[in-house]
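# Examination of the molecular architecture
Single-letter residue listing:
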Amino acid sequence: MNKISFEGGIHPPEKKELSENESIFDFPLQPVIAIPLLQHLGAPAKPLVQKGDLVKKGQLLGEAQGFISANIHSSACGKVKDIDYINHPVTGRGLAVIIETDKENSTLDESVKPVENPDKLSPQDIADIAKKSGIVGMGGATFPTHVKLIPPKDKYYEWLILNGAECEPYLTADYRLMLEQPEKILLGAKLMMKSCKAKKTYIAIESNKPEAIKEWTKICEKEDWIEVKVMKTKYPQGAEKQLINAITGREVPSGGLPVDVNVLVQNVGTAAALYDAVYNGMPLVTRVTTVTGAVVKRANLNVPIGTFVSDIIKFLGGYNGEPGKLILGGPMMGINQRTDEIPILKGSSGILVLNKSEAKKKTETNCIRCSKCVSACPMGLMPFELAQRTKIGDIETAKKIGAMDCIECGSCSFVCPAGIDLVHLIRLAKNTIIAQKKRGA
């Protein structure tokens, strides 16, 4: 088996065995859910309902605002209890539509209708359906899909890469989706390919998923437009720029986008969501997420958007011992949470609970300039130098030596023997540079 990869990267403990054999099941609807109006990159959606309104499953609750934004739909029937600020897993606090759900949950909104003849859809029709259905990147980036599908006028796509690498330790949601719902992913990818006008599609799968590779090799033997690419198991193999470089040999330029090298990357979950929107008429109202780590029962769940993490943990038997850290996403790029009273969003790929000993932070000492962070950085940067410049407030130099090229994968912090949270310091530099740009400094 020919495995391909990129320069740099690390090999953290995979821990996928904890949940990789757990089949996906539909998580039961809870009495109360809260659906945030910001679940994507860009502007929050504008609420279209009021307190006391009755809503149906699939109904538009919030309308996208501006070019980079996404519609928000109801994942259940019920009554709007309130529209208020709640704990938000990404922004800390955010406006949400809080719904008391109907136990039957059987009434679909009138807009939920499958397309009669999907083969007759034009490229723009497909992008419009993605926009109407509120589809965003399901790998965690949550960039509105319709914006990526149609390239700018002076650009074009040559290849579509379906990202099934799932390189974050612990997470197995994409793996189970590739095994259990390949038809949805395949037809969703075909729609994407038609919309973006790419000539060829590759599905990228890491070598630690042999069952998925076997299944998809069999599928691709019957199709001439799609091919499996087996990737070496290495973090961050699933990062967009690393995936493009490994498969095509092309390098996304500093400050550039994948379209600059004629490639579109989409997560396998995003392809499945597009299938649902076209073939079932259902907007993005559920997502598959992994629940793993220090919980009584580990699982891969298809969860209604807006379900509280606390309800999921309780349903699965609770925490296994005293939790040390709760992360939404994986351990490398996921976001630490201060409470489990937070809702599942479109980009929530996992709920990871670490126990006290796993969550213990290394004691930080002085940098010894061993350069392990340089060897690990998949972007070819010097993380120790960037961190040092940030510490002394020399943001201008940090900018000159590539701070904005950092993809915040955390590989540098993982290998640092001095226990320095390098990625945190580089993130600070990036935020400062962005703030300066906004102020026109």
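In this report, we go over the structure that sits alongside the text. Since this is a predicted model, take the numbers as computed values, not measurements. (Residues numbered from 1 in each chain as written. Predicted model: local features only at pLDDT ≥ 70, side-chain atom pairs only at ≥ 80, totals over all residues. Heavy atoms only, no water.)

Burial analysis of strand β9 (residues 159-164) places 6 of its 6 residues in the buried class, the great majority of the element. Where burial is concerned, the two faces of β9 agree: the one with Trp159, Ile161 and Asn163 and the one with Leu160, Leu162 and Gly164 are both buried. Two elements, β9 and strand β10 (residues 200-206), share 6 bridges in a ladder whose sense is parallel. Among the inter-strand pairings, Ile161 is bridged to a residue of β10, identified as Tyr202. Of the strand pairs in this sheet, β9 and strand β12 (residues 263-267) are connected by 5 bridges, and their pairing is parallel. (Buried < 20%, exposed > 50% of the residue type's maximum accessible area, 1.4 Å probe, protein only. Helix = DSSP H or I, 4+ residues; strand = E, 2+ residues; numbered from the N terminus. Pairing = 2+ DSSP bridges.)

The first and last C-alpha atoms of helix α7 (residues 268-280) sit 18 Å apart over 13 residues, in line with the 18 Å expected at 1.5 Å per residue. With 11 of its 13 residues buried, α7 lies for the most part within the structure. Among the residues of α7, those classed as buried are Val268, Gly269, Thr270, Ala271, Ala272, Ala273, Leu274, Tyr275, Asp276, Ala277 and Val278. Where α7 begins, one side-chain oxygen reaches toward the backbone nitrogen of Gly269, 2.6 Å away; that side chain belongs to Asn267. Taken from the residues just after α7, Gly281 is the one with a positive phi, measuring 75°. (Expected span 1.5 Å × (residues − 1). Polar contact = N/O pair within 3.5 Å; in protein donor to acceptor, adjacent residues only side chain to side chain.)

A few words on the side chain of Ser133. Position of Ser133 relative to the elements: it lies in the loop between α1 (123-132) and α2 (145-149). Contact partners of Ser133, with chain neighbours within four places excluded, come to His73, Ala277, Pro283 and Leu284. (Contact = heavy atoms within 4.5 Å.)

Before going further, it helps to spend a moment on the nonpolar core. Counting 48 residues, the largest nonpolar core has Leu162, Ile185, Ile203 and Trp216 as the members making the most contacts within it. Looking at this core, the elements with two or more residues in it are α1, β9, α3 (173-180), α4 (182-196), β10, α5 (210-221), β11 (226-231) and α7. Among all residues touching Trp216, those that are not within four sequence positions of it are Met178, Pro182, Ile185, Leu186, Ile203, Ile205, Ile226 and Val228. Core analysis: the second largest hydrophobic core is formed by 17 residues, Val291, Ala299, Leu301 and Leu326 among them. (Core = buried A, V, L, I, M, F, W, Y, C linked by side-chain atoms within 4.5 Å.)

Right, let's talk about the environment of Ile98 for a bit. Structurally, Ile98 can be placed in strand β8 (residues 92-101). A residue is classified by how much of its surface remains accessible, and Ile98, at 14% relative accessible area, is buried. Considering only alpha carbons, one finds Ile98 and Lys79, 19 residues apart in sequence, at a separation of 8.5 Å.

If you walk across this open sheet you meet the 3 strands as β3-β5-β6, and the pairing is antiparallel. Unpaired on one side and paired on the other, β3 (46-47) and β6 (72-73) mark the two borders of the sheet. The pairing of β3 with strand β5 (residues 60-63) spans 2 bridges and is antiparallel. From the neighbouring strand, Pro47 faces β5, where its bridge partner is Gly62.

The next subject is the packing of α4 against α5. Here α4 crosses α5 at 50°, and the two axes come no closer than 12 Å. With respect to α5, the element α4 is oriented oblique. For the pair α4 and α5, the sense of crossing is right-handed. Contact with α4, carried on its side by Pro182, Ile185 and Leu186, involves Glu215, Trp216 and Ile219 of α5 and no other residues of that element. Classifying every residue of the contact of α4 with α5 by side-chain character gives 5 nonpolar, no polar and 1 charged. (Axes fitted to C-alpha atoms, helices over the stretch in contact; angles between N-to-C directions. Parallel < 35°, antiparallel > 145°, perpendicular 65-115°, else oblique. Left-handed = near helix turned anticlockwise from the far one by under 90°. Nonpolar A, V, L, I, M, F, W, Y, C, P; charged D, E, K, R; others polar.)

Time to look at the packing of aromatic side chains. One pass over the full model with this rule turns up 3 aromatic pairs. Between Phe27 and Phe315, the aromatic rings sit 5.0 Å apart at their centres with planes inclined by 75°, giving edge-to-face as the arrangement. One end of the pair, Phe27, is in the loop between β1 (24-26) and β2 (32-36); the other, Phe315, is in helix α8 (residues 309-315), and 288 residues separate them in sequence. For Phe27, a relative accessible area of 4% puts it in the buried group. Taking the centre distance of 4.7 Å and the plane angle of 15° together, the rings of Tyr275 and Tyr279 count as stacked. Separated by 4 residues within a single helix, Tyr275 and Tyr279 lie in helix α7, roughly one turn from each other. An aromatic cluster of at least three residues, connected via ring pairs, comprises Phe25, Phe27 and Phe315. Sitting above the plane of the Phe6 ring, Lys234 keeps its charged end 4.4 Å from the centroid. (Phe/Tyr/Trp six-rings, centres within 6.5 Å; stacked < 30°, edge-to-face > 60°. Lys NZ or Arg CZ within 6 Å of the ring centre and 35° of its normal.)

Scanning the model with the defined rule gives 17 salt bridges in all. Notably, a salt bridge pairs Glu180 with Arg176, separated by 2.8 Å at the nearest N-O pair. With Glu180 and Arg176 both in helix α3, this residue pair falls 4 residues apart, about one helical turn. Judged by relative accessible area, which is 31%, Glu180 ranks as partly exposed. When salt bridges with common partners are traced through the structure, they connect Arg369, Glu385, Arg389 and Asp394 into a single cluster. (Salt bridge = Lys/Arg side-chain N within 4 Å of Asp/Glu carboxyl O.)

Inspection of the sheet shows strand β4 (residues 54-55) paired to strand β7 (residues 78-88) by 2 bridges, in the antiparallel sense. When the sheet's bridge partners are listed, Val55 is paired in β7 with Gly78. Here β7 pairs with β8 via 10 bridges, running antiparallel. Pairing of Asn87 across the sheet is with Arg93, part of β8. Hairpin connection from β7 to β8: 3 residues lie between these consecutive antiparallel strands.

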